[in-house]
Amino acid sequence: MLRAGTLAALGLVLAWLWLPGRERAAMGEVQLPAGPFVALTFDDGPKASTTPVLLDGLARRGVHATFFVIGENVAGNEELLIRMERDGHQIGLHTFHHKSLAAVNGKDFYAEVDKLRETLSGLLDQEDFMLRPPYGMITPSNRARAGSPIILWSVDPEDWSDRSSARQLSVILDKVEDGSIILLHDIYAESVDTALAAVDELMAQGYKFVTVEELFALRGVTPEDGKEYRKLPPSSG
């Protein structure tokens, strides 16, 4: 778990990692926090009955996650999104109506992605949001239209397929490794249970939880617009 002192150190490291090479060299090397690191991500929210429970559980554990939200779920849940940002979580795009980006043309792509980007920008006063396409599917032409990195996943317990937290947890613990991006959904109560149980188990194993953008920074990787990422490799240093 990244407690206050570690978070402060991580903040300095992240700032160093994003410096231009010349400025970074002038400052000298900075010691990276020890891993392993994993990014916990959630799709399809926010949902008033389940997302607050998840946020409470993550806050008690000092854990930050990444939420890829659906635009039509924003109305009425604005305070949840503001809380996510305030609590240190990352917020990303999951289209406005959960439409497959492998089945929409350019006009519909912009309606699905840019409409959500504008909605979130107006609410959160920021413009940079990573994109997760529904079902993990997107055409090459829509990748080029994305205007942001495309975040997929490397660990998927398919929590939409049943309500067995025990099975979901078993999949996560079996598949996870340093640099993994875990996919869950914060719209199911059982998935919230799975997520918090996974956090407890993995923290006991020494894992630290970071947002996707923090994982990029820790790996010294600059995410590229239109490029797909499923996990981040271990640091070479």
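All figures in this text were calculated on a predicted structure; none of them were measured in a lab.

Novice: Tell me what's going on with the layout of surface pockets, and back it up with residues and numbers.
Specialist: Looking at the largest pocket, its volume works out to about 440 Å³. The set of elements that each furnish at least two residues to the lining of the largest pocket consists of strand 3 (90-93) and helix 9 (212-219). Looking at which element gives the most residues to the lining of the largest pocket, the answer is helix 9, with three residues. Its residues assigned to classes, the lining of the largest pocket comprises eight nonpolar, seven polar and seven charged.

Novice: Please give an account of the packing of helix 4 (residues 78-86) against helix 5 (residues 106-124) that cites residues and values.
Specialist: Two elements in contact, helix 4 and helix 5, have axes whose closest approach is 10 Å; the angle formed by their N-to-C orientations is 70°. Taken as axis vectors, helix 4 and helix 5 run roughly perpendicular relative to one another. Note on element contacts: helix 5 touches helix 4 through Leu120, Leu123 and Leu124, opposite Glu78, Leu81, Ile82 and Glu85. When the residues that make up the contact of helix 4 with helix 5 are grouped by side-chain class, the tally is five nonpolar, no polar and two charged.

Novice: Which residues make up the pattern of salt bridges, and what values go with them?
Specialist: Per the stated rule, a full pass over the model turns up 10 salt bridges. Taking the shortest distance from any N to any O, the salt bridge between arginine 167 and aspartate 162 comes out at 2.5 Å. Classification of arginine 167 as partly exposed rests on a relative accessible area of 30%. Assessed through its relative accessible area of 24%, aspartate 162 is described here as partly exposed.

Novice: For the pairing of strand 2 (residues 66-69), give the residues involved together with the corresponding values.
Specialist: In strand 2, alternate side chains face the same way, and those of Thr66 and Phe68 on one face and Phe67 and Val69 on the other are all buried. When strand 1 (residues 37-43) meets strand 2, the two strands line up parallel, connected through three bridges. Its bridge partner lying in strand 2, aspartate 43 is registered against phenylalanine 68. Between the parallel elements strand 1 and strand 2, the chain passes through helix 3 (residues 51-61) in a crossover that is right-handed. Relative to strand 3, strand 2 runs parallel, the two sharing four bridges. Across the sheet, phenylalanine 67 pairs through a bridge with isoleucine 91, a residue of strand 3. Between the parallel elements strand 2 and strand 3, the chain passes through helix 4 in a crossover that is right-handed.

Novice: Talk me through the nonpolar core; I want residue IDs and the actual numbers.
Specialist: Counting 59 residues, the largest nonpolar core has Leu40, Leu58, Phe67, Leu120, Leu131 and Ile182 as the members making the most contacts within it. The greatest single-element share of this core, amounting to six residues, is contributed by helix 8 (residues 189-204).

Novice: Got a sec to walk through the environment of valine 38? Specific residues and values, please.
Specialist: Mapped onto the secondary structure, valine 38 falls in strand 1. Looking at valine 38, the relative accessible area reads 0%, which means it is buried. A C-alpha to C-alpha distance of 8.2 Å links valine 38 and threonine 211, two positions 173 residues apart in sequence. If we skip the residues at most four places from it in the chain, valine 38 touches Val176, Ser180, Ile182, Tyr207, Lys208, Phe209 and Val210.

Quick notes on the rules
Residues numbered from 1 in each chain as written. Predicted model: local features only at pLDDT ≥ 70, side-chain atom pairs only at ≥ 80, totals over all residues. Heavy atoms only, no water. 1 Å grid on protein atoms, 1.4 Å probe; cavity = no way out; pocket = protein on both sides within 12 Å on 5 of 7 lines; lining within 4 Å. Points joined across faces, edges and corners; volume = space filled by probe spheres on them. Helix = DSSP H or I, 4+ residues; strand = E, 2+ residues; numbered from the N terminus. Nonpolar A, V, L, I, M, F, W, Y, C, P; charged D, E, K, R; others polar. Axes fitted to C-alpha atoms, helices over the stretch in contact; angles between N-to-C directions. Parallel < 35°, antiparallel > 145°, perpendicular 65-115°, else oblique. Contact = heavy atoms within 4.5 Å. Salt bridge = Lys/Arg side-chain N within 4 Å of Asp/Glu carboxyl O. Buried < 20%, exposed > 50% of the residue type's maximum accessible area, 1.4 Å probe, protein only. Pairing = 2+ DSSP bridges. Right-handed = clockwise from strand over helix to strand, strands pointing away. Core = buried A, V, L, I, M, F, W, Y, C linked by side-chain atoms within 4.5 Å.

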